[in-house]
Amino acid sequence: MLPMGQWSVLLLLSLTSIVHSQSCKWLHPKQEYLNTQILKAFNEMMPLKETEEICEEHPTDLPNTESTYSVSQVEAGALAVREVLNETMRFYMKHHESMGCKQQAWERFQQLLYYQIHQLEACVSQTEENDLLKESISEEFNLLETMVLEKDNSACVWDFIHLETRRNLQQVLQLSSRLRRQRLLQRPQ
């Protein structure tokens, strides 16, 4: 049997979690539409390439981030999604022009990311900040940055980066959907 003080701490922690997840707009089912809009805007950013260049070389030294997308706690998932979106935003802010992104699609993509990141802020408490998670996500984007610097902006590098970014976006948006479904299933009927 737990002493009364420990019971009150457990009760307080569980209530905090419930209130926190209710203020987390990112978990609302209506946010699913935003997922499709983010991917649509991202796909529209890159012009169709008419290049003769054959891309045979694809880097394989990117870190394995699969564990990032397999979390089941809301705050950990929100943190992972927020960090991937932040890093994507930083990278494309720096390189969207040299990548040849369509300006209107880039602006739309940027607005959607800002909006989603803002929705995520209420889902991650300051105590939940995870430096290891942030480091692993940041490491991948640092490697992409290194590729840009070393490969002299070749079309193959931009194609690879675009494909890798799309893969990351798809994974975080799938994680978002999974956590939303999980939350719906856990709601009292």
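See the structure shown above.
Predicted model only: the values in this text are computed from it and were never measured.

This part covers the nonpolar core. Counting residues in each nonpolar core, the largest one holds 45 residues, and the members touching the most others are Trp-26, Phe-91, Tyr-92, Phe-109 and Ile-161. Apart from residues lying up to four places away in sequence, Trp-26 is in contact with Gln-31, Val-74, Gly-77, Ala-78, Val-81, Gln-116, Gln-119, Leu-120, Cys-123, Ser-176, Leu-179 and Arg-180.

Right, let's get into the state of the cysteines. The final tally for this structure, using the stated rule, is one disulfide. With its sulfur 1.7 Å from that of its partner, Cys-24 forms a disulfide with Cys-123. Between Cys-24 and Cys-123, the S-S torsion sits near 95°, and that sign places the bridge as right-handed. Placement of the pair is Cys-24 in the loop between helix H1 (4-22) and helix H2 (32-45) and Cys-123 in the loop between helix H4 (103-121) and helix H5 (131-150), with a sequence separation of 99 residues. Relative accessible area serves as the criterion here: at 1%, Cys-24 is assigned to the buried category.

This paragraph deals with the packing of aromatic side chains. With the rule as written, the count across this model stands at five aromatic pairs. Between Tyr-92 and Phe-109 the ring centres are 6.4 Å apart and the planes differ by 75°, which places this aromatic pair in the edge-to-face class. One end of the pair, Tyr-92, is in helix H3 (residues 74-95); the other, Phe-109, is in helix H4, with 17 residues separating them in the sequence. In this structure, Tyr-92 and Phe-109 share a single accessibility class: buried. Taken together, a centroid distance of 6.4 Å and an interplanar angle of 50° make the contact between Trp-106 and Phe-109 tilted. Highlighted residues: Trp-106 and Phe-109, both in helix H4, separated by three residues, approximately one helical turn. What makes Trp-106 buried here is its relative accessible area of 3%. Judged by relative accessible area, which is 0%, Phe-109 ranks as buried. These aromatic residues form a ring-pair network of at least three members: Phe-42, Phe-91, Tyr-92, Trp-106 and Phe-109.

What counts and what doesn't
- Residues numbered from 1 in each chain as written.
- Predicted model: local features only at pLDDT ≥ 70, side-chain atom pairs only at ≥ 80, totals over all residues.
- Heavy atoms only, no water.
- Core = buried A, V, L, I, M, F, W, Y, C linked by side-chain atoms within 4.5 Å.
- Buried < 20%, exposed > 50% of the residue type's maximum accessible area, 1.4 Å probe, protein only.
- Contact = heavy atoms within 4.5 Å.
- Disulfide = S-S within 2.5 Å.
- Helix = DSSP H or I, 4+ residues; strand = E, 2+ residues; numbered from the N terminus.
- Phe/Tyr/Trp six-rings, centres within 6.5 Å; stacked < 30°, edge-to-face > 60°.

The analysis is restricted to geometry; functional conclusions fall outside its scope.
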